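Topology and contacts: notes
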Amino acid sequence: MTSLATITPRVAEAAAPLDGRHNAGRHDAAHTASHPVGALLERIRAGREFGPNVYSTLDALWVLYDRVLRVTPATADHPDRDRFLLSKGHAVAGYYAVLAAKGFIPPDWLDDQGGPESRLGDHPDRTLVPGVEIGSGSLGHGLGLAVGTALGLRAQGLLDPQVYVLLGDAELDEGSNHEAIAYAGAAGLANLTAIVIDNSSATHGWPGGVASRFTVNGWTAATVDGRDHEALHSALTGHHGHRPHVVVAVVENGEQP
Amino acid sequence: MRESFIDTTTALLAEDPRTALVLADISAAAFAPAARSHPDRVLNVGIREQLMLGVAGGLALTGLRPIVHSYAPFLVERAYEQIKLDLDHQAASAVLVSVGASYDRAAAGRTHLSPADVTLLDTLADWTVHVPGHPAEVPDLLRTTVGGDASAYLRLSTQRNERPYGGGGDLVVVRDAGAGAALLVAVGPVLDAAVAAAADLPVTVAYTHRPRPFDTAGLRALAGNEVILVEPYLAGTSARVVAAALADRPHRLLALGVGRTELRRYGSAEDHDRWHGLDPVGLRRSLTGFLTPALV
């Protein structure tokens, strides 16, 4: 678990009570150029402008698929696989790039993303894309589905697989999330981890920090620099309690939800 | 019907480890014994209907067969997007079971009335909808739908007919008025009132507890050129199905049911039957008007 003493001031600010807004951070295209899936992402981008939300999610997605999730194309339908649910379905470009990098989908699917014959929409459809656990796009659905998935695994004695669900801080505006946060804490869903990409895009902010919405309901929480792969990895794997866990990944751009 | 649902669901939870039940406090006390026996598969999420449906979708994605239960307006209307997205869009399925119907709890007022539930679900594809007319119809319908893989909605009511009708929901002729008679199709608990209203009129009465998929083959076999629908939810809900089934045949259709206007009146379910013209007297008035067109 990353401690507040070791993380950046921006992260500490997010983890502490706050009600301010934050300045835009580093240039994202430059960051992406050196990223492991940068070339694949460029194939999807095909000259278009991507919103900052695409880049803000990329590092968490990569760390999850590269180092955390126990799922491969060969085990994508196995009952014992870890589940990853992308709730903020608009963060799809990085998701498709990572799925291609890990062999779930052919890279040449990326070249026609959104086309009339494409399986890759601007929001993912689980029935069209191998490895995609849920179709999403309307905000506030992933966490409830993740709670149900975690309960379903537990009810069948599948105690090994973990359920990860990725949301955005603006997505937390949707009240359905707060139904799920409260219940998951009460139910002690230890096989559930939520990742909240906090790019300060919630219109009215989260005074007191995103993590506090979870911890008050009995979750464990870690707030880390969302660009720092080591910090993300230790936060995502530092979950050994009997409670659900949230990782708040703070990133510097906040222009789009 | 609610007791029948509780007993059958409790049995199903014990018989089939694939079965799960998701509640939002409604009927939780009645399911307490089942919850003690199957704590991992009887899940009361509290008063959280969006989560109730989301959890059902997640359970289904892991291979379980969720039954989801609440009052009709909270189950179908409040969480409609979760039904559309957390079930249908995920290619996941569940069995939804409601109580309350159009106005079982008339004195509770608009918040607990759900005349539009079947109409709203009818905007979605491939749902089976059962509207039983008697508590004894419930166990078989529940067992069949839970035993299957498709999504289904069971709309339970405190209103009921004198006797149950078995079968899967194909049209059953209750009263045969012979060749050339108009065909009246009564859905669920409005049958007895419809039969009383038809009394000595040249009207064949058929019953179904399954408005979706509607038995269009049976309809085509029984119908002449005059069809009367009597439904215990929004009037006209099945009119499009009848019109499509008889598109190649000149016909007249009278679609009766609950009106759209908010009455802002309390009273009993029987009062609302009368106000919506679904009691024998009101139905009789509509039937005779339809069968004897006014002279011009």
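Residues numbered from 1 in each chain as written. Chains lettered and ligands numbered in written order. Predicted model: local features only at pLDDT ≥ 70, side-chain atom pairs only at ≥ 80, totals over all residues. Heavy atoms only, no water.

The name given to chain B in an unreviewed UniProt entry is Transketolase, with Micromonospora sonchi as the source organism.

Applied cut-off: UniProt positions are given in the numbering used here, feature names are shortened, and annotations may be inferred rather than shown by experiment.
The name recorded for chain A in an unreviewed UniProt entry is Transketolase, from Micromonospora sonchi. Quoted verbatim from the Cofactor (unreviewed entry) heading of the UniProt record, the comment on chain A is "thiamine diphosphate". Among the UniProt annotations of chain A, the heading Sequence similarities (unreviewed entry) holds the following wording: "Belongs to the transketolase family."

1. Observations regarding the nonpolar core
When a protein is soluble and globular, its nonpolar side chains tend to lie buried together. Test applied: Buried Ala, Val, Leu, Ile, Met, Phe, Trp, Tyr and Cys residues that are joined via side-chain atoms within 4.5 Å together make up what is termed a nonpolar core. To sort residues, take the accessible area from a 1.4 Å probe on protein chains only and compare it with the maximum for the residue type: under 20% means buried, over 50% means exposed, and anything in between is partly exposed. Contacts are assigned to residue pairs with any non-hydrogen atoms lying within 4.5 Å of each other.
Within the largest apolar cluster, 64 residues are counted, with the highest numbers of intra-cluster contacts made by Val147(A), Leu192(A), Leu96(B) and Tyr153(B). Setting aside anything within four residues of it in sequence, one finds Leu96(B) in contact with Leu53(B), Val68(B), Leu75(B), Ile83(B), Leu87(B), Trp127(B), Ala152(B), Tyr153(B) and Leu154(B). By size, the runner-up hydrophobic cluster in this structure holds 47 residues, among which are Val37(A), Leu61(A), Val68(A) and Tyr164(A).

2. Overview of the packing of helix H4 (residues 52-68) of chain A against helix H5 (residues 92-101) of chain A
Helices that pack against each other are described as a pair by the angle of their axes relative to one another and the distance between those axes. Residue and element names in this part refer to chain A. Counted only if it meets this: Orientation is described by axes fitted as lines to C-alpha atoms, over the contacting stretch for helices, and by angles from 0 to 180 degrees between their N-to-C directions. Strands here mean DSSP runs of E at least two residues long; helices mean DSSP runs of H or I at least four residues long; both are numbered from the N terminus. An angle below 35 degrees is read as roughly parallel, one above 145 as roughly antiparallel, one from 65 to 115 as roughly perpendicular, and any other as oblique. Two helices crossing with the near one rotated counterclockwise from the far one by less than a right angle form a left-handed crossing, whereas a clockwise rotation gives a right-handed crossing. In this count, Pro and Cys sit with the nonpolar residues alongside Ala, Val, Leu, Ile, Met, Phe, Trp and Tyr, while Asp, Glu, Lys and Arg are called charged and the others, Gly among them, polar.
Between H4 and H5, the shortest axis-to-axis distance is 8 Å and the interhelical angle comes to 30°. Taken together, H4 and H5 sit at an angle that is classed as roughly parallel. As H4 packs across H5, the resulting crossing turns out to be right-handed. The segment H4 lies against H5, with Val54, Leu58, Leu61, Trp62 and Tyr65 engaging Ala93, Gly94, Tyr95, Val98, Leu99 and Ala101. Residues belonging to the contact of H4 with H5 are distributed by class as follows: 10 nonpolar, 1 polar and no charged.

3. Examining the UniProt feature "domain: Transketolase-like pyrimidine-binding" (unreviewed entry) in chain B
Here, the residues flagged by UniProt with the feature "domain: Transketolase-like pyrimidine-binding" (unreviewed entry) are residues 1-164 of chain B. Secondary structure across residues 1-164 of chain B divides into 39% helix and 16% strand, with the first and last C-alpha atoms of the span separated by 12 Å.

4. What to know about H5(A)
Residues and elements named next belong to chain A. Counting buried positions along H5 gives 9 out of 10 residues, so the element sits mostly inside the fold. Among all positions in H5, only Val92, Ala93, Gly94, Tyr95, Tyr96, Ala97, Val98, Leu99 and Ala100 are buried. Where the residues of H5 are buried, they touch helix H3 (38-45), H4 and strand S1 (83-86). One or two steps after H5, the chain reaches Gly103, where phi turns positive at roughly 85°.

5. Looking at the UniProt feature "domain: Transketolase N-terminal" (unreviewed entry) in chain A
Taken from the UniProt record, the annotation "domain: Transketolase N-terminal" (unreviewed entry) applies to residues 59-240 of chain A. Split by type, residues 59-240 of chain A is 34% helix and 13% strand. Its first and last C-alpha atoms lie 23 Å apart.

6. A short note on the sheet that holds strand S8 (residues 182-187) of chain B
All names here are of chain B. Quick reminder of the rule: Between any two strands, pairing holds if DSSP finds at least two bridges.
The strand order across the open sheet built from 5 strands is S7-S9-S8-S10-S11, with neighbouring strands paired in mixed fashion. Looking at the sheet topology across the chains shown, the edges are occupied by strand S7 (172-175) and strand S11 (252-258). Direction aside, the axes of adjacent strands within the sheet are offset by 25° on average. Note: strand S10 (residues 226-234) against S11, 6 bridges, orientation parallel. When the sheet's bridge partners are listed, Glu226 is paired in S11 with Arg252. Seen against the sheet, helix H8 (residues 191-198) touches S7, S8 and strand S9 (203-208) and runs at an angle of roughly 175° to S9. Here helix H12 (residues 280-291) sits on the sheet in contact with S8, S9, S10 and S11, set at roughly 165° to S11.

7. Structural notes on the interface of chain B and chain A
As a reminder of what qualifies: Accessible area that two parts lose when put together, evaluated with a 1.4 Å probe and summed over both, is termed the buried area. A side-chain nitrogen of Lys or Arg and a carboxyl oxygen of Asp or Glu constitute a salt bridge if their distance falls within 4 Å.
If you look at the interface, chain B gives 24 residues, while chain A gives 25 residues. Both faces considered, chain B and chain A share a buried interface measuring about 2000 Å² in area, 59% of it formed by carbon and sulfur atoms. Interface area lost by chain B to chain A is led by Leu51(B), Thr62(B) and Gln90(B), which between them contribute 25%. Viewed at the interface, chain A and chain B are joined by 0 salt bridges.

8. With respect to the pairing of strand S6 (residues 152-155) of chain B
Residue and element names in this part refer to chain B. Of the two faces of S6, the one holding Ala152 and Leu154 and the one holding Tyr153 and Arg155 are both buried throughout. Here strand S4 (residues 95-99) runs beside S6; their pairing, made up of 4 bridges, is parallel. Residue pairing in the sheet places Ser98 in a bridge with Arg155 of S6. Examined bridge by bridge, strand S5 (residues 128-130) and S6 share 3 bridges and lie parallel to one another. When the sheet's bridge partners are listed, Thr128 is paired in S6 with Ala152.

9. Re the sheet that holds strand S5 (residues 245-250) of chain A
All names here are of chain A. The sheet built from 5 strands is open, its strands ordered S1-S2-S3-S5-S4 with parallel pairing. Only two strands of the sheet have a single partner each, and these edge strands are S1 and strand S4 (220-225). With strand direction ignored, the average angle separating the axes of adjacent strands in the sheet is 20°. With 4 bridges connecting them, S1 and strand S2 (residues 163-168) associate as parallel partners. Among the inter-strand pairings, Phe84 is bridged to a residue of S2, identified as Tyr164. Across the face of the sheet, H4 comes into contact with S1, S2 and strand S3 (192-198) while running at roughly 175° to S2.

10. Focus: the packing of aromatic side chains
Note the cut-off: Each aromatic pair joins two rings of Phe, Tyr and Trp (for Trp, the six-membered one) with centres within 6.5 Å, and gets the label stacked for planes under 30 degrees apart, edge-to-face for over 60, and tilted for any other angle. By definition, being over a ring means that NZ of Lys or CZ of Arg is both within 6 Å of the ring centre and within 35 degrees of the ring normal.
This model, assessed by the stated rule, comprises 10 aromatic pairs over all chains. With centroids separated by 6.4 Å and ring planes inclined at 50°, the aromatic side chains of Tyr65(A) and Tyr95(A) adopt a geometry described as tilted. One end of the pair, Tyr65(A), is in helix H4; the other, Tyr95(A), is in helix H5, and 30 residues separate them in sequence. Like Tyr65(A), the residue Tyr95(A) is buried in the burial classification. Among the aromatic residues, those joined into a ring-pair cluster are Tyr65(A), Phe84(A), Tyr95(A), Tyr96(A) and Phe104(A). Positioned above the aromatic ring of Trp275(B) is the side chain of Arg265(B), whose terminal nitrogen or guanidinium carbon lies 3.7 Å from the ring centre.

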